[in-house]
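Architecture and fold: a report
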Amino acid sequence: MISLPPVAPRVAKLTALGVGVALLATACGGTSTPSSTETAAPTAAAGISCPAPSATAGASAPAVAGGQVPASTTTTDTPLKIGSLLPTTGSLAFLGPPEIAGVNLGIQEVNSAGGVLGKPVEVIHRDSGDTKTDIATQSTTALLGSGVSAIIGAASSGVSKTVINQITGAGVIQFSPANTSPDFTTWDDKGLYWRTAPSDVLQGKVLGNYMATCGAQTVGMIVLNDAYGTGLAKNVKSAFEAAGGKVVAEELFNEGDSQFSSQVDKVIAAKPDAIALITFDQAKSIVPLMTGKGVNATQMFLVDGNTSDYSKDFTPGTLKGAQGTIPGTFAKEDFKKKLLAVDPALKDYSYAGESYDAVNLIALASEAAKSTKGTDIAAQLKAVSEDGEKCMDYPSCVTLLRNGEDIDYDGQSGPVTFSDAGDPTEAYIGIYEYQDDNTYKPSKEEFGKL
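Residues numbered from 1 in each chain as written. Predicted model: local features only at pLDDT ≥ 70, side-chain atom pairs only at ≥ 80, totals over all residues. Heavy atoms only, no water.

**Considerations on the overall build of the chain**
- Helix and strand counts for the chain stand at 13 helices and 15 strands.
- Taken across its 450 residues, the chain has 58% of its residues classed as buried.
- Accessible area of the chain: about 16,300 Å², with a carbon and sulfur share of 52%. (Helix = DSSP H or I, 4+ residues; strand = E, 2+ residues; numbered from the N terminus. Buried < 20%, exposed > 50% of the residue type's maximum accessible area, 1.4 Å probe, protein only. Areas by Shrake-Rupley, 256 points an atom, 1.4 Å probe, with all protein chains shown as cover.)

**Topic: the pattern of salt bridges**
- Tallied over the entire structure, the rule returns 14 salt bridges.
- Residue Glu255 is joined to Lys132 by a salt bridge in which the shortest nitrogen-to-oxygen separation is 3.8 Å. Residue Glu255 is found in the loop between β7 (246-253) and α8 (261-269), and its partner Lys132 is found in the loop between β2 (122-127) and α4 (135-145); the two are separated by 123 residues along the sequence.
- A salt bridge links Lys390 to Asp408, with the nearest nitrogen and oxygen atoms 2.9 Å apart. With Lys390 in strand β11 (residues 389-391) and Asp408 in strand β12 (residues 407-411), the pair connects residues that are 18 residues apart, well separated along the chain.
- Through salt bridges that share partners, Asp130, Lys132 and Glu255 make up one connected network. (Salt bridge = Lys/Arg side-chain N within 4 Å of Asp/Glu carboxyl O.)

**Some thoughts on the nonpolar core**
- Ranked by size, the top nonpolar core spans 62 residues in total, and within it Met211, Met221, Leu277, Ile278, Met290 and Met300 carry the most contacts.
- The dominant element in this core, judged by the number of residues it contributes, is helix α6 (residues 200-213), at six residues.
- Filtering out sequence-adjacent residues up to four positions away, Met290 remains in contact with Ile222, Val264, Ile275, Leu277, Val295 and Met300.
- In terms of nonpolar packing, the next biggest core, distinct from the first, is built from 48 residues, Ile100, Ala331, Phe335 and Leu401 among them. (Core = buried A, V, L, I, M, F, W, Y, C linked by side-chain atoms within 4.5 Å. Contact = heavy atoms within 4.5 Å.)

**Some details on unusual backbone geometry**
- The omega torsion across Gly153 and Ala154 is -5°, close enough to zero to call that bond cis.
- Within the secondary structure layout, Ala154 lies in the loop between β3 (150-153) and α5 (157-169).
- Phi at Leu117 is positive, roughly 55°, even though this residue is not glycine.
- By secondary structure assignment, the location of Leu117 is in the loop between α3 (96-112) and β2.
- One non-glycine residue, Lys271, adopts positive backbone phi at about 55°.
- When you line up the elements, Lys271 lands in the loop between α8 and β8 (274-278).

**What to know about the pairing of strand β15 (residues 440-449)**
- Sheet topology note: the strand β14 (residues 426-434)/β15 ladder contains nine bridges and is antiparallel. Each bridged residue has a counterpart across the sheet, and for Gly430 the counterpart in β15 is Glu445.
- From the end of β14 to the start of β15, which pair antiparallel, there are five residues, and Asn438 there has a positive phi angle of about 65°. (Pairing = 2+ DSSP bridges.)

**Quick notes on the sheet that holds strand β5 (residues 193-195)**
- If you trace the five strands from one edge of the open sheet to the other, you get β2-β1-β3-β4-β5, paired in parallel fashion. Only two strands of the sheet have a single partner each, and these edge strands are β2 and β5. Along the sheet, successive strands turn relative to each other by an average axial angle of 20°, direction set aside.
- As paired strands, strand β4 (residues 173-176) and β5 are joined by three bridges and run parallel to one another. (Axes fitted to C-alpha atoms, helices over the stretch in contact; angles between N-to-C directions.)

**Some words on the state of the cysteines**
- Scanning the model with the defined rule gives two disulfides in all.
- Shown here is the disulfide that connects Cys50 with Cys214, its sulfur atoms set 2.0 Å apart. The sign of the 115° torsion about the S-S bond sets the Cys50-Cys214 disulfide as right-handed. Of this pair, Cys50 sits in the loop between α2 (19-27) and β1 (81-86) while Cys214 sits in the loop between α6 and β6 (218-224), and the two are 164 residues apart along the sequence.
- Judged by its relative accessible area of 2%, Cys50 is buried.
- Across the disulfide, Cys391 is cross-linked to Cys397 (sulfur-sulfur distance 2.1 Å). With the S-S bond torsion at 115°, the cross-link from Cys391 to Cys397 turns out right-handed.
- Under the relative-accessibility criterion, Cys391 is labelled buried at 5%. (Disulfide = S-S within 2.5 Å.)

**Here's the deal with the packing of aromatic side chains**
- Under the counting rule described, the total for this entry stands at 14 aromatic pairs.
- Taking the centre distance of 5.7 Å and the plane angle of 35° together, the rings of Phe184 and Trp187 count as tilted.
- Ring centres 6.4 Å apart and planes at 75° place the aromatic pair Tyr210 and Phe301 in the edge-to-face group. Note that Tyr210 is positioned in helix α6 and Phe301 in strand β9 (residues 300-302), a separation of 91 residues in sequence. (Phe/Tyr/Trp six-rings, centres within 6.5 Å; stacked < 30°, edge-to-face > 60°.)

**Re the layout of surface pockets**
- Computed from the structure, the largest pocket encloses a volume of approximately 400 Å³.
- For the lining of the largest pocket, the elements supplying multiple residues, two or more each, are β10 (323-327), α10 (333-342), α11 (352-369) and β15.
- Residues that form the lining of the largest pocket fall into these classes: 11 nonpolar, seven polar and six charged. (1 Å grid on protein atoms, 1.4 Å probe; cavity = no way out; pocket = protein on both sides within 12 Å on 5 of 7 lines; lining within 4 Å. Points joined across faces, edges and corners; volume = space filled by probe spheres on them. Nonpolar A, V, L, I, M, F, W, Y, C, P; charged D, E, K, R; others polar.)

**Examining the sheet that holds strand β13 (residues 414-415)**
- Strand order in this open sheet of three strands is β11-β12-β13, and the pairing throughout is mixed. Every interior strand has two partners, whereas the edge strands, β11 and β13, have only one.
- Of the pairings in the sheet, the one linking β12 to β13 comprises two bridges and is antiparallel in character. Bridge pairing in β13 links Gly411 to Gly414.

Take a look at the structure:
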């Protein structure tokens with residue numbers, strides 16, 4: 001195990017601050033978090049003691065009122081057609097199933113409620129691959145040729161950068177459920193790029209503050225050298241150092257690399273209290289290298305790119321006590337049941353809520369615009385996300401719209417209120433803890449504003 005320095009005085013200081021207070025100071029927002037009197041769970045190695053899990057983690061969502069959906073007063077000759085550009089191959093392929101299930105569940109519920117503007121919504125799925133291939137460009141060309149008004153995807157920020165100009169330049173909405181690179185906030189996208197996942201400014205601040213709250217004074221990082229990895233690492237480092245900690249090692253690798261011994265050795269040599277793995281599925285290779293050299297799993301902190309089910313990859317106990325962050329609120333049990341009805345093989349729910357919400361928001365904005373044209377839909381996306389009567393699914397929201405009411409859609413991923421740049425202005429970041437079988441369970445969640 002890596003030698004850990006005494007950290008008791010620092011734990012007291014940071015517990016008194018609390019993750020939420022640190023988030024309030026650095027991300028312009030916050031919510032209730034562990035107080036100085038909360039008992040920490042004894043789940044980590046000596047020197048690291050993270051706050052206890054929330055008692056409400058993974059609870060069911062409040063029931064949504066049902067009722068007859070009135071017919072649309074405006075009909076369209078051109079049905080709304082949505083494409084998806086989500087990974088079924090490549091380093092983020094594990095995110096594809098929950099995202100695709102979220103899209104399909106959203107489409108199913110929209111069409112069960114009568115569709116959009118009197119017509120069923122059509123969906124076309126295509127693989128995004130990853131940045132090692134040109135699959136995304138080929139898939140985007142095919143989707144645009146099919147006449148879609150919006151494309152949900154990509155999951156990878158790096159992949160989105162390869163197709164965003166192609167999509168928005170065609171007057172089509174690109175709506176990502178999982179892009180977190182801050183670069184998209186200022187992208188020249190003609191008002192056509194939107195996302196339900198918050199910028200990594202938020203995930204980075206939560207993770208940096210959380211590691212400090214767990215008592216870590218020093219952190220080492222192994223980072224994917226792309227828009228996602230370096231952007232997230234920058235915000236993790238900023239938050240951790242603002243909390244008084246020090247990043248003692250930051251080792252990069254490139255997409256497509258298969259050997260990580262050099263990065264692992266350099267990080268371990270720096271003897272950090274905690275190690276942040278900012279990777280995609282390269283974690284399957286990195287984690288065994290680290291545990292083989294004595295790193296305790298409780299010192300490992302993962303992110304949304306690699307917080308996944310490793311029950312078939314590692315021997316039991318390999319990741320027990322490791323933690324990871326994923327943007328969005330926890331997938332509630334009733335929502336999981338609906339997703340499993342769509343795809344019974346699902347083991348992971350990452351970004352399913354964000355994908356489901358993307359479908360609903362596009363459909364509702366189309367109804368509000370009384371049009372299935374991409375630019376018209378985009379002009380209404382912000383309006384259906386704020387300053388109206390709150391609703392949480394397509395049937396209840398479209399009923400309000402068709403009755404002449406203004407709506408404020410809050411979805412499965414949490415509150416959705418867009419900025420002018422198409423970013424969520426407030427969001428949850430879920431914190432998860434790995435169990436003995438190398439699967440992860442909800443631990444606690446932090447709320448912040450951007």
